[in-house]
Amino acid sequence: MDRNDAPTVASDALGRNIHDLRISVTDRCNFRCVYCMPKEVFGRGYRFLQKKELLSFEEIERIVRVFARLGVRKIRLTGGEPLVRSELELLIEKIAAVDSIHDISLTTNAALLSPKRARSLRSAGLSRVNVSLDALDDETFKAVNDVGVSVQKVLDGISAAADAGFDSVKVNMVVKRGMNEHSIVPMARYFHGTGQILRFIEFMDVGNTNRWHNDAVITGAEIVDSISAELPLESIEPNYKGEVAQRWRYQDGGGEIGVISSVSQPFCGDCSRVRLSAVGKLYTCLFAANGFNLLEFIREGKSDAEIELKLRSLWSRRRDRYSETRTVESVLLPKVEMSHIGG
Ligand code: SF4
């Protein structure tokens, strides 16, 4: 492989080309959402990663540069809560300088997203922001985040993002039966006509600490039906192959919503995503148990060419289709925690 040759796009064993790299920059979070980082596990005494255990910004930049040669074009920064990692703007500037990376996005709970911070992230090169918000009433939302943060705090973050001029500001709502299904229609009403796309996410069996059960899943179809009863929706075409969310448009012109139905309508067939944890482990599926220790590999003094070769061989052997093959047994298998690879 001559590195001066035009790099070929890496394709996995099921013919899926790599395109998206999701990078968790920290396992820490200022929330304790019950379906992701329940307090009884991630509470007092839980040992979070120390700074020296984390990938450095220089190492992340190098990994992004090599993945760009494999065909990665989109980077999503996640956590835990990425805004708790200090100087994140420096990392965004480094990634924005990598040729052929044309989209950098962030998933955040927006509690730390002040107008000043939103502007500095924007000018560092961040293109898009997805904000997690699971309810509009404080009673439900505080029960979900389990740290007493108000809805208004997150709505202020969404406004700050909207004012900072990002290409898009989307809102992610995880829906779980018995937790917040009563908030589906109020959320749809609130974001209807705002230009911000609200995306509903089916409750998933990510990791092993959120006590997932299929009975707690409100399916995408149920979500669409409940909204459509008041605000009629029509299905529209995806923006691109492999788009995670199904798109629905309000018939009255009030914009669109997204529905991510990983449980009821899995979408592994076009999955182009690879995930990097904050300690430099590479996961080829959100529901993987083990990841390749890329940090260790890099710190052995490997060259970029050797790293590229390794990543190509890892991806070319990829056969992941967890959501399409989910069984009662597979749900119980050990899996990496959401807060380690950020969804
Ligand atoms: S379950 Fe795994 S393979 Fe399927 S879409 Fe999710 S990350 Fe991709």
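(A) Local environment of the layout of surface pockets. When its volume is computed, the second largest pocket comes out at roughly 240 Å³. Forming the boundary of the second largest pocket are 19 residues, of which Glu243, Val244, Ala245, Gln246 and Phe267 lie nearest the centre. Contributing elements (two or more residues each) for the lining of the second largest pocket: strand 8 (246–250) and strand 9 (256–260). Residues that form the lining of the second largest pocket fall into these classes: eight nonpolar, five polar and six charged.

(B) Local environment of the sheet that holds strand 8. Taking strand neighbours across the sheet as the criterion, the 12 strands line up as 7-8-9-6-5-4-3-2-1-10-11-12 in an open arrangement whose pairing is mixed. Sheet topology places strand 7 (233–236) and strand 12 (292–293) at the edges, where each strand pairs with a single neighbour. As paired elements, strand 10 (residues 273–276) and strand 11 (residues 281–283) share two bridges and run antiparallel to each other. By the bridge assignment for strand 11, arginine 275 is matched with tyrosine 283. Taken strand by strand, helix 2 (residues 57–70) contacts strand 1 (20–24), strand 2 (74–78), strand 10 and strand 11, and its axis lies near 170° from that of strand 1.

(C) Molecular detail of the site of the ligand. Residues in close proximity to the ligand include Phe267, Cys268, Cys271, Arg273, Arg275, Cys285, Leu286, Phe287, Arg318, Asp320, Tyr322 and Ser323, which together make up its full environment. Its residues assigned to classes, the shell around the ligand shows seven nonpolar, one polar and four charged.

(D) Fine view of unusual backbone geometry. A cis amide bond, omega 10°, links glycine 79 with the succeeding residue glycine 80. Inspection of the secondary structure assignment puts glycine 80 in the loop between strand 2 and helix 3 (88–96). Unlike most non-glycine residues, glutamate 87 shows phi in positive territory, near 60°. Notably, arginine 211 is not glycine yet its phi reads approximately 50°, a positive angle. Secondary-structure assignment places arginine 211 in the loop between strand 6 (197–202) and helix 8 (220–228).

(E) Representation of the packing of helix 3 against helix 4 (residues 115–124) within the structure. Where helix 3 meets helix 4, the closest approach of the two axes is 8 Å, and the angle between their N-to-C directions is 20°. As the angle between them shows, helix 3 and helix 4 are arranged roughly parallel. Considering the relative orientation of helix 3 and helix 4, their crossing is right-handed. Between helix 3 and helix 4, the residues in contact are Leu88, Glu89, Ile92, Glu93 and Ala96 and Arg117, Ser120, Leu121 and Ala124, respectively. For the contact of helix 3 with helix 4, the class distribution of residues is five nonpolar, one polar and three charged.

(F) Quick peek at the packing of aromatic side chains. Taken as a whole and assessed by the stated rule, the structure comprises six aromatic pairs. Consider the rings of tyrosine 190 and phenylalanine 191, whose centres lie 4.9 Å apart with planes at 70°: the pair is edge-to-face. Accessibility expressed as a relative area gives 41% for tyrosine 190, which makes it partly exposed. Judged by its relative accessible area of 4%, phenylalanine 191 is buried. Here phenylalanine 287 and tyrosine 322 contribute two aromatic rings whose centre-to-centre distance is 4.5 Å and whose plane-to-plane angle is 15°, an arrangement assigned as stacked. Within this pair, whereas phenylalanine 287 is found in the loop between strand 11 and strand 12, its partner tyrosine 322 is found in the loop between helix 10 (304–316) and helix 11 (328–331), the two being separated by 35 residues in sequence. Residue classification places phenylalanine 287 among the buried residues on the basis of a relative accessible area of 8%. For tyrosine 322, a relative accessible area of 11% translates into the label buried.

(G) Geometry of the pattern of salt bridges. Evaluation of the coordinates by the stated rule reveals 24 salt bridges. For the salt bridge of glutamate 53 with arginine 47, the shortest nitrogen-to-oxygen distance reads 2.7 Å. Look at glutamate 53 and you get partly exposed, because its relative accessible area is 24%. Between aspartate 270 and lysine 241 there is a salt bridge, and its shortest N-O distance comes to 2.7 Å.

(H) Structural view of the environment of phenylalanine 267. Its location among the elements puts phenylalanine 267 in the loop between strand 9 and strand 10. Residue classification places phenylalanine 267 among the partly exposed positions, given a relative accessible area of 25%. Residues phenylalanine 267 and valine 244, 23 residues apart in the sequence, show an inter-C-alpha distance of 7.2 Å. Excluding residues within four positions of it along the chain, phenylalanine 267 makes contact with Val244, Ile260, Ser261, Ser262, Arg273 and Glu324.

Cut-off values and rules
- Residues numbered from 1 in each chain as written.
- Predicted model: local features only at pLDDT ≥ 70, side-chain atom pairs only at ≥ 80, totals over all residues.
- Heavy atoms only, no water.
- 1 Å grid on protein atoms, 1.4 Å probe; cavity = no way out; pocket = protein on both sides within 12 Å on 5 of 7 lines; lining within 4 Å.
- Points joined across faces, edges and corners; volume = space filled by probe spheres on them.
- Helix = DSSP H or I, 4+ residues; strand = E, 2+ residues; numbered from the N terminus.
- Nonpolar A, V, L, I, M, F, W, Y, C, P; charged D, E, K, R; others polar.
- Pairing = 2+ DSSP bridges.
- Contact = heavy atoms within 4.5 Å.
- Axes fitted to C-alpha atoms, helices over the stretch in contact; angles between N-to-C directions.
- Near = heavy atom within 4 Å.
- Parallel < 35°, antiparallel > 145°, perpendicular 65-115°, else oblique.
- Left-handed = near helix turned anticlockwise from the far one by under 90°.
- Phe/Tyr/Trp six-rings, centres within 6.5 Å; stacked < 30°, edge-to-face > 60°.
- Buried < 20%, exposed > 50% of the residue type's maximum accessible area, 1.4 Å probe, protein only.
- Salt bridge = Lys/Arg side-chain N within 4 Å of Asp/Glu carboxyl O.

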